[in-house]
Structures are given as C-alpha cells and as structure tokens.
Amino acid sequence: MLYNSARDGLFPGFMTKVLPHWRTPWVAIGMPIVLAMVATLVIGFEVGAGNAFDYTATLATDLFMVIFIVTNIATIPYFWRNHRNTFSWFRHLVVPVLGVIAFGYPLYESVLPSQAPPYNWFGIAILAAYGLSFLWGLVRSHQTADMGQRLADDVVLHGSAPTRPDESRSGPGDDEDRAEDPRLRGADVVADAPQERLTEDDAR
C-alpha cells in the first residue's frame, strides 16, 4: 500500500526503492516497522511495555480494518461496472458483504466512546488520521484522479489471458523483461515461429 502510494506520488520517492534481486519494496515495508517500534518504546517509558503494545496494536489494527472495509465495499461497484462479464454474485457481492460485517463489528466495538481511556479516544484518532489523509488526497488530486482504477487494473482477473506490452511504448529493458516473464515467453515463441508449409503428401 505504501509502495503503490509512493509510486503514484503521494509519498516521497525513496519509498519506491526495491531490492535488486527479489524486487521487494524494503523501504515501504521497513519504515512502518521502525516507526511502530519507536512509538512502542516511547510510549512504553510512560505507561509500561504491556500497555504500550496494547495501545499501538489496537490503534494500528483499527486503522487497517477501515481500509479492509472500504476495499470490500469498493469491490462490488468496481466489478459490476468494469468487469460485468466476470462478475460473480458470490465472490464479488456476498464475500465483500461478509467482509464488511466481519471487520465492521469489531471496529465498532473498539471505538465506542464508553470504553476506558485512552481507548475512548481511538475513534477520534482514526477519524483525524483519515481526515488528514483525505485532505492530502485533495491537495494531490491531480495525481490521484485515476489512481483507484489504475491500482485495480493491475490485478489480472481470474481466467483472463495475459496481454503483451504495447510495442510502441517499449523501453530499452522491455525485451529482457518479456524474456523473463513466463506468461509472455510462450506467446513470443508462438508469434515468432515460422509457418510450416504443407508437403505434397499432407495436401493429398
């Protein structure tokens, strides 16, 4: 998520760095881990290690549950509008609704204002975090206008055939990428194979 956001210009460019061999976005993965460790240590000095872990883990889980809920909701109209021919009432409607219920109920219980402090402030903290994210998205709206569509189209739908890159937009390293891609290697072989001529025996 952080890697894709940085790739689209929402976060600093250094977060798009990947390991040369495994292509793992190590900065986007490592930064949240480091920040969580620092936050837990700082809070732990004030309230104790156990409480610090409870606070940071609960708050982080609540933030991610909101993302999962929104993703499940967005799945339904996306597949209905853009991939009607592959729309499945079970996978693209029933499963997302169950996902919203599964994440929505524990999220609701964890942000109730009737809880003991500081848990009663977690709901406000979540709203503030996503409010700031929304404002940041508005500021960078020229880069986020079609981001959702682009991210969703990165997924190869089940049963769809892979497409070859546009030859007119190929770069210097695209030939090597196609050679290493197992999905396209077979297509290259078929496309480049010479057509065999029928012999007279085959014709008869």
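What you are looking at is a predicted structure, and each value in this text was computed from that prediction instead of being measured. (Residues numbered from 1 in each chain as written. Predicted model: local features only at pLDDT ≥ 70, side-chain atom pairs only at ≥ 80, totals over all residues. Heavy atoms only, no water.)

## Description of the environment of Gly-30
Stated formally: A helix here means a DSSP run of H or I that spans at least four residues, while a strand means a run of E at least two residues long, and both kinds are numbered starting from the N terminus. Burial classification: accessible surface area is computed with a 1.4 Å probe over protein chains only, and a residue below 20% of its type maximum counts as buried, one above 50% as exposed, and the rest as partly exposed.
Inspection of the secondary structure assignment puts Gly-30 in helix H2 (residues 26-47). The class of Gly-30 is partly exposed, set by a relative accessible area of 23%. When the C-alpha positions of Gly-30 and Met-15 are compared, they lie 9.7 Å apart, and in sequence the two are 15 residues distant.

## Observations regarding the environment of Ser-133
Short version of the rule: In protein, a polar contact means a hydrogen-donor-capable atom and an acceptor-capable atom, both N or O and within 3.5 Å, with residues adjacent in sequence counting only if both atoms are side-chain atoms; elsewhere, any N or O pair within 3.5 Å suffices.
With respect to the element layout, Ser-133 can be found in helix H5 (residues 122-139). Among the polar contacts made by the side chain of Ser-133, one reaches the main-chain carbonyl oxygen of Ala-129 at a distance of 2.9 Å.

## Quick notes on the packing of H2 against helix H3 (residues 49-82)
Condition: All axes here are fitted lines through C-alpha atoms, helices being fitted over the stretch that makes contact, and every angle between N-to-C directions spans 0 to 180 degrees. We call two directions roughly parallel when the angle between them is under 35 degrees, roughly antiparallel when it is over 145, roughly perpendicular when it lies between 65 and 115, and oblique otherwise. Should the near helix be turned anticlockwise from the far one by less than a right angle, the crossing is termed left-handed; should it be turned clockwise, right-handed. We call two residues contacting when some pair of their heavy atoms lies within 4.5 Å. Throughout this entry, Asp, Glu, Lys and Arg are counted as charged residues, while Ala, Val, Leu, Ile, Met, Phe, Trp, Tyr, Cys and Pro are counted as nonpolar. The remaining residues, Gly among them, count as polar.
Taken N-terminus to C-terminus, the directions of H2 and H3 make an angle of 130°; their axes are 7 Å apart at the nearest point. Between H2 and H3, the crossing angle belongs to the class labelled oblique. Judged by the twist between their axes, the crossing of H2 over H3 is right-handed. Taken together, the residues of H3 that come into contact with H2 (itself represented by Thr-40, Ile-43, Gly-44 and Val-47) are Ala-49, Asn-51, Ala-52, Phe-53, Tyr-55 and Thr-56. Of the residues contributing to the contact of H2 with H3, the split by class is 6 nonpolar, 4 polar and no charged.

## Side note on H3
Rules: Multiplying 1.5 Å by the helix residue count minus one yields the expected span of that helix. Bend is computed residue by residue as the angle between axes fitted to the seven residues ending at the residue and the seven residues starting at it.
Between the first and last C-alpha of H3 there are 48 Å, a value that for 34 residues agrees with the 50 Å anticipated at 1.5 Å per step. When the local axis directions of H3 are compared, the greatest deviation, roughly 25°, occurs at Thr-75, which is followed within four positions by the proline Pro-77. Among the residues of H3, Ala-52, Tyr-55, Asp-62, Met-65, Val-66, Ile-69, Asn-72, Thr-75, Tyr-78 and Phe-79 are the ones counted as buried.

## What about the packing of aromatic side chains?
The condition is simple: Classification of ring pairs uses Phe, Tyr and Trp, with its six-membered ring standing for Trp, and accepts pairs whose centres are within 6.5 Å; under 30 degrees between planes counts as stacked, over 60 as edge-to-face, and the remaining range as tilted.
By the definition in use, this model includes 8 aromatic pairs. On the basis of an interplanar angle of 80° and a centroid distance of 5.1 Å, the ring pair of Trp-80 and Phe-87 is categorised as edge-to-face. Relative to Trp-89, the ring of Phe-87 has its centre 5.2 Å away and its plane inclined at 85°; by these criteria the two rings are edge-to-face. Its relative accessible area of 14% is what places Phe-87 among the buried residues. Overall, Trp-89 belongs to the exposed group, its relative accessible area being 55%. Aromatic ring contacts, followed pair by pair, group Tyr-55, Tyr-119 and Phe-122 into a single cluster.

## Side note on the nonpolar core
Counted only if it meets this: Definition of nonpolar core: a set of buried residues of the types Ala, Val, Leu, Ile, Met, Phe, Trp, Tyr and Cys, connected through side-chain atoms within 4.5 Å.
With 5 residues, the main nonpolar core is built from Met-65, Val-66, Ile-69, Leu-107 and Ile-126. Sequence-distant contacts of Val-66, defined by excluding residues within four places in its chain, comprise Leu-107, Ile-126 and Tyr-130.

## Here we look at the confidence of the model for the protein chain
Test applied: Residue-level confidence of the predictor, termed pLDDT, takes values from 0 up to 100.
Residues with a pLDDT of 70 or more make up 69% of the protein chain, whose mean pLDDT is 76. For the protein chain, per-element mean pLDDT is lowest for helix H9 (residues 182-192), which scores 41, and highest for helix H4 (residues 90-110), which scores 93. Low pLDDT (under 50) marks residues 176-204, which in the prediction has 17 contacts with non-local residues, meaning those over four places away or in another chain.

## Digging into unusual backbone geometry
Omega for the peptide link from Pro-117 to Pro-118 comes to 5°, which places this bond in the cis form. Examined against the element boundaries, Pro-118 turns out to sit in the loop between H4 and H5. You will see that Arg-23, though not glycine, has its phi angle at about 60°, which is positive. Here Arg-23 is to be found in the loop between helix H1 (2-7) and H2. The exposed category is assigned to Arg-23, whose relative accessible area is 57%.

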